[in-house]
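Fold and geometry: a report
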Amino acid sequence: MRPARYVWGGFGGALIAFLVVALACWPLFGATAALLLFVALLGALFFYHLRSLKKLVLWTREPIGTPLPQAFGVWDYVFADLSRHARRSLNQRDRLAQALARFREATSAMPSGVILLSAENFIEWINPAAELHFGLDGERDTGKPITNLVRQPDFVAYLTGERTAEPLTCRLARHAGMVLSIQIVPFGEEQSMVLSRDVTQFEKLETMRRDFVANVSHELKTPLTVVSGFLETLDEMLDELPPEEARRYLRLATEQAGRMQHLVEDLLELAALETSAAASYDETVEMGPLLDTIMNEALALSAGRHRITLELDGPVGLRGSRKELHSALLNLVSNAVRYTPEGGEVRLRWNVAAGGGARFAVTDTGLGIEPHHLPRLTERFYRVDRGRSRESGGTGLGLAIVKHALSRHQASLQIESTPAVGSTFSAVFPAERVARPVL
Ligand code: ADP
């Protein structure tokens, strides 16, 4: 209402003023002169409006940054109003541009890939993660059909086929080692968004988990088959079997049950090491008594078949868990005894290591290990010689337990070995694990 009133008010006011001036001139200069004056004033008003209109047209071509044209009356009001509108829309545009820039920044920083596709599957926008996942280049490939650039049949079928909430897991030819989880999300008017996630690590873990379950089942199945076989035989033929033979079967079944028990114990120990919190620095383990215990256990395991020696020359105490240290060091010693033929030698040494740390080394004159096996020895169920490991009561988990127990003490396992000569397995502890002051 206000603008209309203002316009008509301004216009009406001018007309009345012109009329008053013309009527005042009438008695002085006559009717013709008064009419001419009125027409001339109207013409001037018309000319003023035309000029202001021209200014308005010029100003509206570039309203932002151009100063407001000077005008009077109604035009002043019009220009002020337009300028206010222009400022408001400029602010709005700035805010939208900022929001868009922030959205792009956020999606660019996202580890997940995002590709915006038109209804015809042409690339509209792509973030850096998707560029990496699909081997695309945002600048080069925007506006091109994605199916021309990513031709992998399972991806094309997933994109063009019936939409499903189930993501597609695939390995793209461009990144042989990378596994992607891809999902298509529809949005807007028939547009869609391709979301991709690098699940290589997850897939690796999944494969490891599957292998682990398969290995455990296999390891348990063999002795279990033997035990149930003996029990069946005893059940069917107990009356006919000579007592000596029956006792032999029972002994063999007990041996296999012991193997299973040993395996389950190792599995539980490994699980505990993997799931519980790392060894604290609070407990101080006296290394002399611990290594004496381990020495006695080694002598019992060897049963006089090897020459075993212990040299104690290292720090008196270590900060950590006695149970875990005992398990780790005993595993190294028991391996040395089990993989060293009769008559061989096993040397246990507890020394100071470089930088104020400590080292427990077990050297044997046993079978030794080919270099290509060394990096995999601490994997669960990895064995150089499956038969020999089983024969000597191994579960294939010993060194995995050692690795975990040591890493919980920030210690490392070092292995040096020469086939047919022997091996040295060393546990190296950092200075911060050495207990000071002396016990
Ligand atoms: P296992 O229960 O089979 O001994 P480990 O994890 O303790 O399992 O060891 C993995 C493999 O490393 C063993 O199967 C064996 O082949 C090899 N190994 C470990 N210690 C020695 C050693 N002192 N000498 C020779 N081979 C060894």
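For every chain, the first residue of the written sequence is number 1, and numbering continues from 1 onward in sequence order. Reporting in this predicted model follows two pLDDT cut-offs: at least 70 for local features of residues, and 80 or more for side-chain atom pairs to be given and counted; totals over whole chains, interfaces and linings ignore these cut-offs and use all residues. As a convention, hydrogens and water are excluded, and side-chain values are obtained from all of the structure's heavy atoms.

The chain carries the name Phosphate regulon sensor protein PhoR in an unreviewed UniProt entry, which gives Niveibacterium microcysteis as its organism. Listed under Function (unreviewed entry) in UniProt, the entry text for the chain is "Member of the two-component regulatory system PhoR/PhoB involved in the phosphate regulon genes expression. PhoR may function as a membrane-associated protein kinase that phosphorylates PhoB in response to environmental signals." UniProt positions are given in the numbering used here, feature names are shortened, and annotations may be inferred rather than shown by experiment. Turning to the chain, the UniProt annotation filed under Catalytic activity (unreviewed entry) states: "ATP + protein L-histidine = ADP + protein N-phospho-L-histidine."

Looking now at the site of the ligand. Think of it this way: one heavy atom of a residue within 4 Å of a molecule or strand is enough to make that residue near it. As a matter of local geometry, the ligand sits amid 20 residues, with Arg338, Tyr339, Ser389, Gly396 and Leu399 nearest to it. Whenever two N or O atoms come within 3.5 Å, that pair is a polar contact, provided that in protein one can donate a hydrogen and the other can accept it, and provided that, for residues adjacent in sequence, both atoms are side-chain atoms. Within the side chain of Asn335, one N or O atom sits 2.9 Å away from an oxygen atom of the ligand. Within the backbone of Thr395, one N or O atom sits 2.8 Å away from an oxygen atom of the ligand. Computed with a 1.4 Å probe, the accessible areas rest on the Shrake-Rupley method; for each residue, only the protein chains presented here act as cover. Contact with the protein chains covers 98% of the free accessible surface of the ligand, which is 520 Å². Helix and strand assignments follow DSSP, with helices taken as H or I runs no shorter than four residues and strands as E runs no shorter than two, numbered in order from the N terminus. For the shell around the ligand, the secondary-structure elements that each account for two or more residues are helix H11 (322-338), helix H13 (398-407) and strand S12 (422-429).

What follows concerns the pattern of salt bridges. For salt bridges, the criterion is a side-chain nitrogen of Lys or Arg within 4 Å of an Asp or Glu carboxyl oxygen. Overall, the coordinates contain 13 salt bridges when judged by the stated rule. By sharing partners, the salt bridges in this structure join Arg140, Asp141 and Lys144 into a single network.

This next bit is on the UniProt feature "transmembrane region" (unreviewed entry) in the chain. The positions UniProt marks with the feature "transmembrane region" (unreviewed entry) are residues 7-29 and 35-51. With 100% helix and 0% strand, residues 35-51 has its two end C-alpha atoms placed 24 Å apart.

What follows concerns the confidence of the model for the chain. Scored by pLDDT, the chain comes out at a mean of 89, with 97% of its residues at no less than 70. Summary of the metric used: pLDDT quantifies the predictor's per-residue confidence within the range 0 to 100. Ranking the elements of the chain by mean pLDDT puts helix H12 (residues 386-391) last with 77 and strand S10 (residues 358-364) first with 98.

What follows concerns the environment of Leu37. Mapped onto the fold, Leu37 is located in helix H2 (residues 31-61). Throughout, a contact is declared for two residues whenever any of their heavy atoms are within 4.5 Å. Here Leu37 is in contact with Val21 and Cys25, once residues within four sequence places are set aside.

Attention shifts here to a negative patch on the surface. Each patch is built from salt-bridge-free residues with over 30% relative accessible area, joining like charges within 9 Å and nonpolar side chains (Val, Leu, Ile, Met, Phe, Trp, Tyr) within 5 Å. In this tally, Lys and Arg are treated as positive and Asp and Glu as negative; His is ignored, and so are the chain termini. Positions of charges follow a simple convention, taking NZ of Lys, CZ of Arg, CG of Asp or CD of Glu. There is a patch of like negative charges on the surface, built from Glu120, Glu124, Glu189 and Glu190. Its place among the elements puts Glu120 in the loop between strand S1 (113-117) and strand S2 (123-126).

So, about the sheet that holds S12. On the basis of which strands lie adjacent, the open sheet formed by 5 strands has the order S7-S9-S10-S12-S11 and mixed pairing. Pairing within the sheet leaves two strands with one partner each, and these edge strands are strand S7 (307-312) and strand S11 (412-418). Looking at each pair of strands side by side, their axes are set apart by 10° on average, direction ignored. On top of the sheet, H11 reaches S7, strand S9 (345-352), S10, S11 and S12; it is set at about 20° to S10, its chief contact. For two strands to be treated as a pair, DSSP must find at least two bridges joining them. To get an axis, fit a line to the C-alpha atoms, keeping to the stretch in contact for a helix; angles then go from 0 to 180 degrees between the N-to-C directions.

We now examine the pairing of S11. The pairing of S11 with S12 spans 7 bridges and is classified as antiparallel. Looking at S12, one finds that Ser417 is bridged to Ser423. In this antiparallel pair of consecutive strands, S11 and S12, the connection spans 3 residues, and Ala420 shows a positive phi of 70°.

How far each domain reaches was decided by an automatic or database domain assignment. The assigned domain composition of the chain is domain 1 (2-92), domain 2 (110-198), domain 3 (203-275) and domain 4 (284-433). Of note, the centres of domain 2 and domain 3, computed from C-alpha atoms alone, are 49 Å apart.

This part covers helix H9 (residues 243-275). Taking 1.5 Å of rise per residue, 33 residues should cover 48 Å, and H9 covers 48 Å from first to last C-alpha, within 8% of that figure. Using a 1.4 Å probe on the protein chains alone, a residue whose accessible area is under 20% of its type maximum counts as buried, one over 50% counts as exposed, and one in between counts as partly exposed. Here H9 has its buried residues at Ala246, Tyr249, Ala253, Gln256, Met260, Leu263, Asp266, Leu267, Leu270 and Leu273. Contacts made by the buried residues of H9 are with helix H8 (200-237), H11 and H13. A helix is expected to reach a length of 1.5 Å times the quantity of its residues less one.

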